[in-house]
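Coordinate analysis (summary)
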Amino acid sequence: MARKFFVGGNWKCNGTTEEVKKIVTTLNEAEVPSHDVVEVVVSPPFVFLTLVKSLLRSDFHVASQNCWVSKGGAFTGEVSAEMLVNLGIPWVIIGHSERRALLNESNEFVGDKVAYALSQGLKVIACIGETLEQRESGSTMAVVAAQTKAIADKVTNWDNVVLAYEPVWAIGTGKVATPAQAQEVHCELRKWLNQNVGADIAASVRIIYGGSVNGANCKELAGQPDVDGFLVGGASLKPEFVDIIKSATVKKN
Ligand SMILES: O=C[C@H](O)COP(=O)(O)O
């Protein structure tokens, strides 16, 4: 089954109203491959979600950067999956390494969040990835398999899940994984899904790469057979995000 290329832009905790409008204008004016070729989702901070949704071209979609693990209620500062659905926000990023590291989100908590968001009808970009120490000690696959298992334990239908492999050592550091490093982990993840979840799911789930992706390195990464797109941080705030979207055409060549 062909996996449609997916490009996500994670704006993280950045932007003013004016800056957000400027980024959206750039995206709206960009000539990019059609929606048949690439799916584009941008993820502004909560406070800008409705503004971006109202201004953004209709072939691109928006994602929240997080949501609460269960039904809303007395959880000060949190935003529930129900609220995102109510606002017409189709996607949510869950388990980003910044939340795992800074807010102590465990594998199990991330798995619960993914399952709850899916149960409410959201589509999920689920993030996994190893630290530099874990990579250097040779435990990359054990770490990402455990993170994926915590999701697989709670999820039966993977139709609305995109798996984002984001090695922590590559995030915001300018040290992008080499195409071979990315391909190796993506391929192993697909094998893990094949053995532990099912052949159809392994073949159809999109595994995207994140970590210092930019306009210069995206094409070579996109050329790897198991790299189905990107989750972009810093470069998604810049015009070069358009070049990253265009790298989807590498799959057609
Ligand atoms: O979610 C995106 C990743 O954290 C990558 O961020 P980056 O492109 O700034 O390295």
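Every value quoted in this text rests on a predicted model; they were computed, and no experiment measured them. (Residues numbered from 1 in each chain as written. Predicted model: local features only at pLDDT ≥ 70, side-chain atom pairs only at ≥ 80, totals over all residues. Heavy atoms only, no water.)

So, on to the packing of helix H5 (residues 107-119) against helix H7 (residues 140-152). It is at 7 Å that the axes of H5 and H7 come closest, and there the two elements cross at 40°. Overall, the two elements H5 and H7 adopt an arrangement that is oblique. Once H5 is placed against H7, the crossing between them reads as right-handed. On H7, the residues touching Asn-107, Glu-108, Gly-111 and Val-114 of H5 are Ala-146, Gln-147, Ala-150 and Ile-151. (Axes fitted to C-alpha atoms, helices over the stretch in contact; angles between N-to-C directions. Helix = DSSP H or I, 4+ residues; strand = E, 2+ residues; numbered from the N terminus. Parallel < 35°, antiparallel > 145°, perpendicular 65-115°, else oblique. Left-handed = near helix turned anticlockwise from the far one by under 90°. Contact = heavy atoms within 4.5 Å.)

Position of His-186 relative to the elements: it lies in helix H8 (residues 179-196). By relative accessible area, His-186 is classed as buried at 0%. For His-186, the side chain forms a polar contact with the main-chain oxygen of Asp-226, separated by 2.9 Å. (Buried < 20%, exposed > 50% of the residue type's maximum accessible area, 1.4 Å probe, protein only. Polar contact = N/O pair within 3.5 Å; in protein donor to acceptor, adjacent residues only side chain to side chain.)

With respect to the element layout, Ala-30 can be found in the loop between helix H1 (17-29) and strand S2 (38-43). The exposure class assigned to Ala-30 is buried, which follows from its relative accessible area of 12%. Distance in space between the C-alpha atoms of Ala-30 and Phe-60 is 11 Å, their sequence separation being 30 residues. Setting aside anything within four residues of it in sequence, one finds Ala-30 in contact with Arg-57 and Val-242.

The ligand sits among 13 residues. The nearest are Lys-12, His-96, Gly-172, Ser-212 and Gly-234. One of the backbone nitrogen or oxygen atoms of Ser-212 is found 2.7 Å away from an oxygen atom of the ligand. A distance of 2.8 Å separates an oxygen atom of the ligand from a polar backbone atom of Gly-233. Compared with its free state, where it exposes 310 Å², the ligand has 95% of that area covered by protein. (Near = heavy atom within 4 Å. Areas by Shrake-Rupley, 256 points an atom, 1.4 Å probe, with all protein chains shown as cover.)

Let's shift gears to H5. Here H5 spans 18 Å end to end across 13 residues, near enough to the 18 Å set by a 1.5 Å rise per residue. Turning to H5, its buried residues are Val-110, Gly-111, Lys-113, Val-114, Tyr-116, Ala-117 and Leu-118. Just downstream of H5, Gly-121 is the residue with a positive phi angle, here 100°. (Expected span 1.5 Å × (residues − 1).)

Looking at soluble globular proteins, one finds that nonpolar side chains tend to be buried together. Within the largest apolar cluster, 70 residues are counted, with the highest numbers of intra-cluster contacts made by Leu-27, Val-52, Val-114, Trp-158, Tyr-209 and Phe-230. Excluding its chain neighbours within four sequence positions, the residues that come into contact with Val-114 are Ile-94, Val-124, Ala-126, Ile-151 and Val-155. (Core = buried A, V, L, I, M, F, W, Y, C linked by side-chain atoms within 4.5 Å.)

Here H7 spans 18 Å end to end across 13 residues, near enough to the 18 Å set by a 1.5 Å rise per residue. Among the residues making up H7, those that are buried are Thr-140, Val-143, Val-144, Ala-145, Gln-147, Thr-148, Ala-150, Ile-151 and Ala-152. In this structure, the buried side of H7 is in contact with helix H4 (97-102), H5, strand S5 (123-128), helix H6 (132-136), strand S6 (161-165) and H8.

For the coordinates displayed, the defined rule picks out zero disulfides. No disulfide involves Cys-13; its sulfur sits 16 Å from that of Cys-127, the nearest cysteine. Lacking any disulfide linkage, Cys-218 is separated from the closest cysteine sulfur, that of Cys-127, by 19 Å. The class of Cys-218 is buried, set by a relative accessible area of 1%. (Disulfide = S-S within 2.5 Å.)

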